Amino acid sequence: LVEVETRQRLEDMIREMMMQGMDPEKMELDWADLRKRQEEPARKSVHARLILDQIAVDESLEVSEEEVKQRIRQQAERTQQSPQKLRKELEKHNGLNALKTQLLREKSLDLLTSVANIQNEE
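Residues numbered from 1 in each chain as written. Predicted model: local features only at pLDDT ≥ 70, side-chain atom pairs only at ≥ 80, totals over all residues. Heavy atoms only, no water.

## Re the pattern of salt bridges
Here's step 1: Applying the stated criterion to the full structure yields 14 salt bridges.
Here's step 2: As a salt-bridge pair, lysine 107 and glutamate 67 come within 3.0 Å of each other at their nearest N and O atoms. Taken together, the residues lysine 107 in helix α5 (residues 95-115) and glutamate 67 in helix α3 (residues 65-79) connect sequence positions 40 residues apart.
Here's step 3: Ionic pairing is found between arginine 71 and glutamate 106, a salt bridge with its closest N-O pair at 2.7 Å. Within this pair, whereas arginine 71 is found in helix α3, its partner glutamate 106 is found in helix α5, the two being separated by 35 residues in sequence. (Salt bridge = Lys/Arg side-chain N within 4 Å of Asp/Glu carboxyl O. Helix = DSSP H or I, 4+ residues; strand = E, 2+ residues; numbered from the N terminus.)

Structure (structure tokens):
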């Protein structure tokens, strides 16, 4: 999981460079060093997702179809496309499952923050 997350982070960096008009192949980057620097953040991200997923199971959290529709409407509005078109794109690329997982993790995080006793240290 950490390896997949690390690879995804590097791919995201490459995409970002390309969107800014840079050619990653022509840049003098130490890819081994970049990969190494992404390992710890990737590990933390994977751990956090696993914890949120387990909280969802333990607390029997679920995502309703209405919540999925609402998020699709919000994303469609933000990207200026129809909800129907966005949903079809999500269904075609297994994005609907990813969206449901994201919503479930958000619910887990909301639950955690609602019960957390957060205090400022002074």
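## Quick notes on the environment of valine 2
Here's step 1: With respect to the element layout, valine 2 can be found in helix α1 (residues 2-19).
Here's step 2: Distance from valine 2 to glutamate 16, taken between C-alpha atoms, is 21 Å for residues 14 residues apart in sequence.
Here's step 3: Beyond its immediate chain neighbours, meaning those up to four positions away, valine 2 contacts Glu39, Ala42, Arg43 and Val46. (Contact = heavy atoms within 4.5 Å.)

## A short note on the nonpolar core
Here's step 1: One finds Val68, Ile72, Ala76, Leu86, Leu90, Leu96, Leu99 and Leu103 forming the largest nonpolar core, which totals eight residues.
Here's step 2: Of all elements in the fold, only α3, α4 (83-92) and α5 reach the threshold of two or more residues within this core.
Here's step 3: Residues contacting isoleucine 72, with those up to four places away along its chain left out, are Pro83, Leu86, Arg87, Leu90, Leu96 and Leu99. (Core = buried A, V, L, I, M, F, W, Y, C linked by side-chain atoms within 4.5 Å. Buried < 20%, exposed > 50% of the residue type's maximum accessible area, 1.4 Å probe, protein only.)

## Some points on unusual backbone geometry
Here's step 1: Residue serine 60 is not a glycine yet carries a positive backbone phi of 55°.
Here's step 2: Take serine 60: it is sitting in the loop between α2 (31-58) and α3.
Here's step 3: Serine 60 sits in the exposed class, given a relative accessible area of 58%.

## A closer look at α5
Two residues of an α-helix separated by three or four positions point the same way, owing to the 3.6 residues in each turn.
Here's step 1: Taking 1.5 Å of rise per residue, 21 residues should cover 30 Å, and α5 covers 30 Å from first to last C-alpha, within 8% of that figure.
Here's step 2: The inward-facing, buried residues of α5 abut α2, α3 and α4. (Expected span 1.5 Å × (residues − 1).)

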